[in-house]
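As a plain string of letters, each chain reads:
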Amino acid sequence: MAKNRPYKIRQMKEDGLIGEDRFFRLVSSQCDYMDEETIKSVYMAVVRVISKDLKENEIARIPHIGDLVMVEKTARMGLVGKTRVMMPESKVVKFYIDEMFRRHINEWTKANKI
């Protein structure tokens, strides 16, 4: 994975096209302009439920979007400079997209191709 975000994302953030304020404003508009503070508290409650589920069950289902799963990454060899080291096993979070959501996104991207 790249260490730095691509330039386009940084530029979009500077232009105000991505960010927390915009996200909560868009969600508020989808909920008939509900108070943004209420939207934020509901969103943070969803985040807490997901993190609690991941800690307890190592899987969290987000309805209509997909699953977050804790996966055991095996121990492996790695390089630190020219030296080989054994990297220990670790747990990582993987996202598996819901099949219907994937189909919806694929249809949308096919329709918007030039």
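For the structure, see preceding data.
Computed from a predicted structure; not experimentally measured. (Residues numbered from 1 in each chain as written. Predicted model: local features only at pLDDT ≥ 70, side-chain atom pairs only at ≥ 80, totals over all residues. Heavy atoms only, no water.)

K.L.:
How would you explain the pattern of salt bridges if you had to name every residue and give the values?
P.N.:
For the structure shown, the criterion picks out five salt bridges. We note a salt bridge from Glu37 to Lys40, for which the minimum N-O separation is 4.0 Å. On the criterion of helical spacing, the pair formed by Glu37 and Lys40 is a turn pair, its members being three residues apart in helix α3 (residues 36-57). Taking relative accessible area as the criterion, Lys40 reaches 25% and is therefore assigned partly exposed. Across the pair Arg103 and Glu99 runs a salt bridge, and its minimum N-O distance is 3.7 Å. (Salt bridge = Lys/Arg side-chain N within 4 Å of Asp/Glu carboxyl O. Helix = DSSP H or I, 4+ residues; strand = E, 2+ residues; numbered from the N terminus. Buried < 20%, exposed > 50% of the residue type's maximum accessible area, 1.4 Å probe, protein only.)

K.L.:
Let's hear about the pairing of strand β3 (residues 76-80): which residues, and what values?
P.N.:
In the sheet, β3 pairs with strand β4 (residues 83-87) via five bridges, with the strands oriented antiparallel. The partner of Arg76 across the bridge, within β4, is Met87. What sits between β3 and β4 in their antiparallel hairpin is a turn of two residues, with Gly81 showing a positive phi close to 70°. (Pairing = 2+ DSSP bridges.)

The quantities given are spatial measurements derived from coordinates; they are silent on function.
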